Amino acid sequence: MTERLQKLISQAGLASRRQAENWIEQGRVQVNGRAARLGDKADPAVDIIEVDGRRIASSQQKITVLLNKPRGYISTLSDPEGRRLVTELVRDIPERLYPVGRLDFNTEGLLLLTNDGDLSLKLTHPRNHVPKTYLVKVRGALTPAIIEDLTGGILLDGYRTAPARVDNVRQNGGGAWFELTIHEGKNRQIRRMCEAVGLTVVRLKRIRMGFLDLHGVAPGRYRLLSPSEVSRLRKTK
């Protein structure tokens, strides 16, 4: 059965459909030895579909895992600086998994990895407002005025962040611990929000994403999500 290439690439777990379209436009996709074009269709049972010279599988088991990422790992598939990759922590899974969004090098905690491109797009698209809660340790006093700024939105490079939530504040000498919940995923967003109000982030850990948390998952370890959990994620709005 023929399907559009971007759908087949997504079903193979390589990327979202939107990213697959970008790959096609960049000339990274071939069908039966020729460069593909947007709108092309193929049948993986009879056609040879390749991305960057690597043939995609005609079918693949969909797997999503919850990883407790330690600090010192990068959430990409390769790194020119030779830093450790989060995929090294799930290397015993035969399917190739991709991070859902990113946690930066020095941020730890809950990170999903999957080979389901449609699910990844669902969870990372801004319109779906998936809440993500972080445990934050900062240097500096977390005053009521700063809390009001954080919860009301911070202006970053001409863009005002969406309202956030601050919970469980614990002042600790010259610093503080608190939980911060956001619904966005801008690059280094929490660190930049804190810097904008005069706080320096000392430690940052994502502890929840939607209904998921790190219960029972030690740093550097992972667990497979159950079919019911994946189904709930698909219904995220």
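Just so you know, the residues in each chain are numbered from 1, in the order the chain's sequence is written. Residues qualify for local features only when their pLDDT is at least 70, as the model is predicted, and side-chain atom pairs are given and counted only at 80 or more; totals for whole chains, interfaces and linings, by contrast, use all residues. Excluding hydrogens and water, the side-chain values take into account all heavy atoms of the structure.

Peer 1: Looking at this structure, I do not really get the pairing of strand S15 (residues 165-172). What am I missing?
Peer 2: Regular strands show a simple pattern: their side chains alternate between the two faces of the sheet. Here S15 runs beside strand S16 (residues 175-182); their pairing, made up of six bridges, is antiparallel. If you follow glutamine 171 over to S16, its bridge partner there is alanine 176. The antiparallel pairing of S15 with S16 creates a hairpin that spans two residues between the two strands, and glycine 173 there sits at a positive phi of about 60°. When DSSP finds at least two bridges between two strands, those strands are taken to pair. Comment: elements are numbered from the N terminus, with helices defined as DSSP H or I runs of at least four residues and strands as E runs of at least two.

Peer 1: Would you mind going over the packing of aromatic side chains with me for this structure?
Peer 2: Note on aromatic contacts: the rings of Phe and Tyr and the six-membered ring of Trp form a pair at centre separations within 6.5 Å, being stacked when their planes are under 30 degrees apart, edge-to-face when over 60 apart, and tilted otherwise. Applying the stated criterion across every chain, the model contains zero aromatic pairs. The criterion for a charge sitting over a ring is simple: Lys NZ or Arg CZ within 6 Å of the ring centre, and within 35 degrees of the ring normal. Positioned over the ring face of phenylalanine 105 is arginine 83, at 5.3 Å from the centre of the ring. If you follow lysine 186 out to its NZ or CZ, it ends over the ring of tyrosine 159, 4.6 Å from the centre.

Peer 1: Whenever I open this one, the pattern of salt bridges confuses me. Can you help?
Peer 2: A side chain of one charge can pair with a side chain of the opposite charge if their charged atoms are brought near each other. Any carboxyl oxygen of Asp or Glu that lies within 4 Å of a side-chain nitrogen of Lys or Arg is treated as forming a salt bridge with it. Summed over the entire model, instances satisfying the criterion amount to 16 salt bridges. For glutamate 108, the salt bridge goes to arginine 71, with nearest N and O atoms at 3.5 Å. Residue glutamate 108 is located in strand S11 (residues 108-114), and its partner arginine 71 is located in the loop between strand S7 (64-69) and strand S8 (73-74); the two are separated by 37 residues in the primary sequence. Relative accessibility decides the category of a residue: with a 1.4 Å probe and only protein chains considered, values under 20% of the type maximum give buried, values over 50% give exposed, and everything between is partly exposed. In this structure glutamate 108 comes out as buried when scored by relative accessible area, which is 8%. Between arginine 234 and aspartate 116 there is a salt bridge; the shortest N-O distance is 2.3 Å. Placement of the pair is arginine 234 in helix H6 (residues 227-234) and aspartate 116 in the loop between S11 and helix H3 (117-124), with a sequence separation of 118 residues. One salt-bridge network, in which partners are shared between bridges, spans Arg71, Glu108 and Arg203.

Peer 1: Before we go on, may I ask you to explain the side chain of threonine 133 in this structure?
Peer 2: Structurally, the position occupied by threonine 133 is in strand S12 (residues 132-139). Throughout, a residue-residue contact means that at least one pair of heavy atoms, one from each residue, lies within 4.5 Å. Discounting chain neighbours no more than four positions away, the residues touching threonine 133 are Glu179, Leu180, Thr181, Lys205, Arg206, Ile207 and Arg208.

Peer 1: Which parts of the structure should I look at to understand the layout of surface pockets?
Peer 2: Leftover empty space is mapped by rolling, across the atoms, a probe with the size of a water molecule. Residues are called lining when one of their atoms sits within 4 Å of a cavity or pocket point, these points coming from a 1 Å grid over the protein atoms alone, where a cavity is a set in which a 1.4 Å probe fits but cannot get out and a pocket is an open set with protein on both sides within 12 Å along at least five of seven lines. Grid points are joined across faces, edges and corners, and a volume is the space filled by probe spheres set on the points. The computed volume of the second largest pocket comes to approximately 150 Å³. With three residues, H6 is the largest single contributor of residues to the lining of the second largest pocket. Residues are grouped as follows: nonpolar covers Ala, Val, Leu, Ile, Met, Phe, Trp, Tyr, Cys and Pro; charged covers Asp, Glu, Lys and Arg; every other residue, Gly included, is treated as polar. Of the residues contributing to the lining of the second largest pocket, the split by class is five nonpolar, three polar and three charged.

Peer 1: Please clarify how the pairing of strand S17 (residues 200-209) should be interpreted in this entry.
Peer 2: Bridging between S11 and S17 involves two bridges; their strand directions are parallel. Looking at the pairing, glutamate 108 lines up with lysine 205 of S17. As paired elements, S12 and S17 share eight bridges and run antiparallel to each other. Counterpart to valine 136 in the pairing with S17 is leucine 204. Hairpin remark: S17 followed by strand S18 (residues 212-213), antiparallel, with two residues in the connecting loop; positive phi at glycine 210, about 60°.

Worth remembering: the numbers are spatial, not functional.
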